[in-house]
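# Coordinate inspection notes
Below are the chains, spelled out letter by letter.
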Amino acid sequence: MIQKTCQQTRTISERIIFDKDLNDKRTLFGGKTLSLLDENAGLASFKFVKGKIATAGYDHINFWNPITTDKYIKMESFVTGVYHRQIEVFTKIISRDIKTDQPEIAFTSFCTLIVLKSNNEIAVPEIIPETAEEKYLCQGFENRLKQRKAEYLRKNEFLGHLSLN
């Protein structure tokens, strides 16, 4: 079986925060955060599997600390689990104060991406964690996968209670 390390999938981007990125509370707009997440997590999955991928869902989304224009951010994403065509990518955003360079975890999330069936001939590698952080995050994959499967099995019940009006 093909193997790749979490490090081989790691995708890092940095950016400053502008007024146009803020919501009415003067913090980074959640929709902008999720857009940045989707782009970064998508690139991590492309590094893992060279093929067409689609985002299936986000979970464990946590906005831990507000991001404002007096901070810049570093976003890190890497693959933390694989099951058949499902790829789980963890993303964290570290914000740093522009004046003091003091870092803090501002945001974390897991994103599930699916290798599209049009990629029939692509072999999905096994992911190998190396650092303590990678090992910790990867060891929780099985439980997160079980939670996702249980939610998926309840999909029809959930959707059946929603109004189409």
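Residues numbered from 1 in each chain as written. Predicted model: local features only at pLDDT ≥ 70, side-chain atom pairs only at ≥ 80, totals over all residues. Heavy atoms only, no water.

## Let's talk about the overall build of the protein
A count of helices and strands for the protein gives 5 helices and 7 strands. Secondary structure elements in the protein, listed N-terminal to C-terminal, are β-α-β-α-β-β-β-β-β-α-α-α. Projecting the C-alpha coordinates of the protein onto the three principal axes gives extents of approximately 50 × 50 × 25 Å. Buried positions account for 39% of the 165 residues belonging to the protein. Within the protein, counting contacts between residues at least 6 apart in sequence, those at least 24 apart form 74% of the total. Surface accessibility of the protein: about 10,100 Å² in total, with carbon and sulfur atoms responsible for 55%. Computed over 24 positive and 21 negative side-chain charges, the inter-centroid distance for the protein is 4 Å. (Helix = DSSP H or I, 4+ residues; strand = E, 2+ residues; numbered from the N terminus. Buried < 20%, exposed > 50% of the residue type's maximum accessible area, 1.4 Å probe, protein only. Contact = heavy atoms within 4.5 Å. Areas by Shrake-Rupley, 256 points an atom, 1.4 Å probe, with all protein chains shown as cover. Lys, Arg positive; Asp, Glu negative; His and termini not counted. Charge placed at Lys NZ, Arg CZ, Asp CG, Glu CD.)

## Things to note about the sheet that holds strand 3 (residues 53-63)
One open sheet accounts for 5 strands, arranged 2-4-5-6-3; its pairing is antiparallel. At either margin of the open sheet sits one strand with a lone partner, and together these are strand 2 (11-16) and strand 3. Sheet twist, expressed as the average angle between the axes of neighbouring strands with direction ignored, equals 20°. Inspection of the sheet shows strand 3 paired to strand 6 (residues 103-115) by 8 bridges, in the antiparallel sense. (Pairing = 2+ DSSP bridges. Axes fitted to C-alpha atoms, helices over the stretch in contact; angles between N-to-C directions.)

## Concerning the layout of surface pockets
Volume-wise, the largest pocket comes out at about 350 Å³. Lining the largest pocket, in full, are Ala56, Gly57, Tyr58, Asp59, Gln86, Thr112, Ile114, Leu145, Arg148, Lys149, Glu151 and Tyr152. Of all the elements in the fold, those that place two or more residues in the lining of the largest pocket are strand 3, strand 6 and helix 4 (141-153). For the lining of the largest pocket, the leading source of residues is helix 4, giving 5 residues. Split by residue class, the lining of the largest pocket holds 5 nonpolar, 3 polar and 4 charged. (1 Å grid on protein atoms, 1.4 Å probe; cavity = no way out; pocket = protein on both sides within 12 Å on 5 of 7 lines; lining within 4 Å. Points joined across faces, edges and corners; volume = space filled by probe spheres on them. Nonpolar A, V, L, I, M, F, W, Y, C, P; charged D, E, K, R; others polar.)

## Comments concerning the side chain of Glu88
With respect to the helices and strands, Glu88 occurs in strand 5 (residues 86-97). Residue classification places Glu88 among the buried residues on the basis of a relative accessible area of 1%. There is a polar contact of 2.8 Å between the side chain of Glu88 and the side chain of Arg144. Those residues in contact with Glu88 that lie beyond four places of it in its chain are Phe78, Val79, Thr80, Gly81, Phe110, Cys111, Phe141, Arg144 and Arg148. (Polar contact = N/O pair within 3.5 Å; in protein donor to acceptor, adjacent residues only side chain to side chain.)

## Thoughts on the packing of aromatic side chains
Evaluated as defined, the whole model comprises 3 aromatic pairs. Considering the side-chain rings of Phe90 and Phe110, the 5.1 Å spacing of their centres and the 50° angle between planes classify their relative orientation as tilted. Of this pair, Phe90 sits in strand 5 while Phe110 is found in strand 6, placing the two residues 20 residues apart along the sequence. Phe110 shares its class with Phe90; the two are buried. Following the ring pairs from residue to residue traces out a cluster consisting of Phe78, Phe90 and Phe110. Sitting over the face of the ring of Phe110, Arg144 holds its NZ or CZ atom 3.8 Å from the ring centroid. (Phe/Tyr/Trp six-rings, centres within 6.5 Å; stacked < 30°, edge-to-face > 60°. Lys NZ or Arg CZ within 6 Å of the ring centre and 35° of its normal.)

## Overview of the nonpolar core
Membership of the largest hydrophobic core comes to 30 residues, with the highest contact counts inside it found for Phe48, Val49, Ile67, Ile87, Val89 and Ile93. At 6 residues, the largest contribution of residues to this core is made by strand 6. Sequence-distant contacts of Val49, defined by excluding residues within four places in its chain, comprise Ile87, Val115, Ile122, Val124 and Pro125. (Core = buried A, V, L, I, M, F, W, Y, C linked by side-chain atoms within 4.5 Å.)

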